[in-house]
Amino acid sequence: MTQSKILVIDDEEFITKSLKQHLEKEDCEVLTAGSGEEGLEIFRTDVPDIVILDLNMPGMGGIEALRSLKKINNDIIVIIITAHGDIETAVSAIKLGAYDFVEKPFELDRISVLIRKANETVHLKREVSYFRGEKYDTYNFSNIVGESGPMTEVLTLARKVAESDANTIFIQGESGTGKSLLARAIHYNSKRASEPFVEVTCTAIPEALIESELFGHERGAFTDAKVAKKGLFEFASGGTIYLDEIGDIKMTTQAKLLRALEEKTFKRVGGLKDIKVNVRIVATTNKKNLEGAVQDGSFRADLYYRLKVFPIYIPPLRERRGDIIPLALHHIDKFNKEFRKNVKSISKGAEALLYKYPWHGNARELRNVVERICILENTETIYPEHLPTEVIKYIDEHVDARDAIELPNEGLSLKGVERDLIAQALKRADNNQTKAAKLLGISRDALRYKMQKSGLL
Ligand SMILES: Nc1ncnc2c1ncn2[C@@H]1O[C@H](COP(=O)(O)OP(=O)(O)OP(=O)(O)O)[C@@H](O)[C@H]1O
Ligand SMILES: [Mg+2]
């Protein structure tokens, strides 16, 4: 483990000197300052990992210096030196976020132990912030492709909901439409981002266990409960719990879920004590209509309506075909990096086939197709022959040649065709741009851009 950079702030030169000498022997880099003001100056320019701060100094007092340090970097580890017996000030320093304190006169060995402990914390914090940074990048909205009108709407709504205080969000969509991806983006772009995101696949947990998995259990709650156990709700405290396939949760658990949402409390299995939680639930279902389950009595109506406060519906890919090619290009880019390939483009022929295929497995199926091509082929351009047989076969069997636009022998102007189709779409939509954009499977902004480019605006 690399040693930390330490800043010692004390008006007594004897102390700064002896600490510097001692800690340098332990391979730490040590900076010193004789006053709060000087300390802050050094803190701003040299960015130490740990500060040792005397509370009793003339000029800017230690408490004031501590406040300023925390304002600059709330994560900074500050070890306080207090006068003998001045526990009260030490306590107020801890309340302000100091890491620990030592009383004067102190043993240098005590400082060594504290610094070693603090050093471990510094490293852990660095690791956490690195992984968090990675997650923020991976699960950012910018990594979700959505150029079609319907998907632009979904993303706008999701961004708004993420920032809101809504504690229940309900995402519906067929399998592979990107529900999990969206749920993560919502979490990592919310105020809860630095708290846990706990994912529960409800169908993967046996029915008898789900309640204790979610809410925990007390010792002796059932035969195997030898010790008390925290549930996932407690682990997710302050963060988000992602309940995949909520439609499959049994009625008694549904009741507990509802209470956890409405009253922010629950009881562990076998427990009497109410436990307080502040958790946002993002629930999903790929069932077409959960309403049916409500009507036949297998899903609680009150929970259903609670979930429906913020519904987000992700349409199947075949209903937003404008996303197909952008999605394919997005994944090509990703897999190029992952497999060190150099696929640059998709030929018009291959594009047409991808566009017409119905993608019953949605974005997941498309992603898998692109992945397979990137692994197997060494080509810069994807041609129809690179596409999997199921795609080619489907098109052969289902798409009537008369439906397709055929390229005349003399060729044609692609720009002209685009302009023509835009004009047709506008006419059919009575000049309603939003509707025309929908007909063409692009966003209204994209339509306006194209209209401008082709002189229709
Ligand atoms: N809009 C999108 N942009 C980029 N990638 C996407 C998008 N939608 C889905 N994907 C990718 O497709 C795959 C499936 O997405 P995800 O797991 O989120 O779907 P799901 O709706 O949760 O499916 P299931 O119902 O089976 O759990 C993932 O690899 C995801 O990254
Ligand atoms: Mg999922």
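Enquirer: I'm lost on the environment of lysine 230 in this one. Help?
Expert: Considering the arrangement of structural elements, one finds lysine 230 in the loop between helix H8 (207-215) and helix H9 (232-235). For lysine 230, a relative accessible area of 45% puts it in the partly exposed group. Ignoring sequence-local partners within four residues, the contact set of lysine 230 consists of Gly216, Phe235 and Arg268.

Enquirer: I tried to follow the side chain of lysine 341 on my own but got confused; where do I start?
Expert: Along the polypeptide, lysine 341 turns up in the loop between helix H13 (324-339) and strand E13 (345-346). Comment: no salt bridge for buried lysine 341; closest opposite-charge side chain is glutamate 377, at 8.1 Å. In this structure the side chain of lysine 341 is engaged in a polar contact, spanning 3.3 Å, whose partner is the backbone oxygen of glutamate 377. With residues up to four places along the chain from it excluded, the contact list for lysine 341 reads Asn336, Cys374, Ile375, Glu377 and Asn378.

Enquirer: Sorry if this is basic, but what is going on with the pairing of strand E6 (residues 168-172) here?
Expert: The side chains of a regular strand alternate, first on one face of the sheet and then on the other. Extensive coverage of E6 is indicated by the burial of five of its five residues. The alternating pattern of E6 places Thr168, Phe170 and Gln172 on one face and Ile169 and Ile171 on the opposite face, and all of these are buried. Where E6 and strand E11 (residues 280-285) come together, five bridges link them in parallel fashion. By the bridge assignment for E11, phenylalanine 170 is matched with alanine 283.

Enquirer: In this structure, what is going on with the site of ligand 1? I would like to understand it.
Expert: Taken together, 19 residues sit near ligand 1, with Val145, Ser175, Gly176, Lys179 and Ser180 positioned nearest. A distance of 2.6 Å separates an oxygen atom of ligand 1 from a polar side-chain atom of serine 175. The side chain of arginine 364 places a nitrogen or oxygen atom 3.0 Å from an oxygen atom of ligand 1. Protein contacts shield 86% of the accessible area of ligand 1, which totals 630 Å² for the unbound molecule. Spatially, ligand 1 is embedded in the second largest pocket. Counting only elements with at least two residues in the shell around ligand 1, the list comes to helix H7 (179-188), H13 and helix H15 (362-376). When residues of the shell around ligand 1 are assigned to domains, at least three map to each of domain 2 (141-315) and domain 3 (319-453).

Enquirer: Just to check I follow, could you spell out the domain arrangement of the protein chain for this structure?
Expert: Frequently, the measure chosen for interface size is the accessible area that the parts lose on association. In terms of domains, the protein chain is made up of domain 1 (5-134), domain 2 (141-315) and domain 3 (319-453). The straight-line distance from the C-alpha centre of domain 2 to that of domain 3 is 35 Å. Every contact between the two is made by 17 residues of domain 2 and, on the other side, 16 residues of domain 3. Around 1300 Å² of area is buried between domain 2 and domain 3 when both sides are counted, 51% of it from carbon and sulfur atoms. Of all residues in domain 2, Val145, Glu147 and Gly176 give up the largest surface area on contact with domain 3, accounting jointly for 37% of the area buried on that side. Our count for the domain 2 to domain 3 interface comes out at zero salt bridges. In this structure, the connection of domain 2 to domain 3 is made through ten residue pairs in polar contact (both at pLDDT 80 or more). With five residues, the top contributor of residues to the side of domain 2 that touches domain 3 is helix H6 (residues 149-163).

Enquirer: Looking at this structure, how should I read the layout of surface pockets?
Expert: It is the rolling of a water-molecule-sized probe over the atoms that shows where space remains empty. In this model, the second largest pocket occupies a volume close to 750 Å³. Lining the second largest pocket we find 26 residues, and of these Gly176, Gly178, Leu181, Ala363 and Arg367 sit closest to its centre. Among the elements of the structure, H7, strand E8 (240-244), H13 and H15 are those that each provide at least two residues to the lining of the second largest pocket. Shared between two domains, the lining of the second largest pocket takes at least three residues from each, and those domains are domain 2 (141-315) and domain 3 (319-453).

Enquirer: Can you help me understand the pattern of salt bridges in this one?
Expert: Any two side chains of opposite charge can pair, given that their charged atoms come close. For the structure shown, the criterion picks out 29 salt bridges. Put simply, aspartate 49 and arginine 126 hold a salt bridge, and the shortest N to O gap is 3.0 Å. Here aspartate 49 is found in the loop between helix H2 (36-46) and strand E3 (50-54), whereas its partner arginine 126 is found in helix H5 (residues 108-138), with 77 residues between them in sequence. Put simply, aspartate 100 and lysine 117 hold a salt bridge, and the shortest N to O gap is 3.6 Å. Residue aspartate 100 is located in strand E5 (residues 100-103), and its partner lysine 117 is located in helix H5; the two are separated by 17 residues in the primary sequence. Each of Asp10, Glu12, Asp54 and Lys104 takes part in a single network of salt bridges with overlapping partners.

Enquirer: Just to check I follow, could you spell out empty space enclosed by the protein for this structure?
Expert: The tally for this structure, following the rule as stated, stands at two cavities of 30 Å³ or more. Volume-wise, the largest cavity comes out at about 40 Å³. Looking at the largest cavity, the residues that line it are Asn167, Phe233, Ala260, Leu261, Lys264, Val277, Asn278, Val279 and Ile281. Split by residue class, the lining of the largest cavity holds six nonpolar, two polar and one charged. What the second largest cavity holds in volume is close to 30 Å³. Lining of the second largest cavity is provided by Ala328, Ile346, Leu354, Val369, Val370, Ile373, Ile382 and Leu387. The leading source of residues in the lining of the second largest cavity is H15, at three residues. Of the residues in the lining of the second largest cavity, the class split is eight nonpolar, no polar and no charged.

Scoring rules and cut-offs
Residues numbered from 1 in each chain as written. Chains lettered and ligands numbered in written order. Predicted model: local features only at pLDDT ≥ 70, side-chain atom pairs only at ≥ 80, totals over all residues. Heavy atoms only, no water. Helix = DSSP H or I, 4+ residues; strand = E, 2+ residues; numbered from the N terminus. Buried < 20%, exposed > 50% of the residue type's maximum accessible area, 1.4 Å probe, protein only. Contact = heavy atoms within 4.5 Å. Lys, Arg positive; Asp, Glu negative; His and termini not counted. Salt bridge = Lys/Arg side-chain N within 4 Å of Asp/Glu carboxyl O. Polar contact = N/O pair within 3.5 Å; in protein donor to acceptor, adjacent residues only side chain to side chain. Pairing = 2+ DSSP bridges. Near = heavy atom within 4 Å. Areas by Shrake-Rupley, 256 points an atom, 1.4 Å probe, with all protein chains shown as cover. 1 Å grid on protein atoms, 1.4 Å probe; cavity = no way out; pocket = protein on both sides within 12 Å on 5 of 7 lines; lining within 4 Å. Sits in = over half its atoms within 2 Å of the grid points. Domains from an automatic or database assignment. Buried area = accessible area lost by both parts, 1.4 Å probe. Points joined across faces, edges and corners; volume = space filled by probe spheres on them. Nonpolar A, V, L, I, M, F, W, Y, C, P; charged D, E, K, R; others polar.

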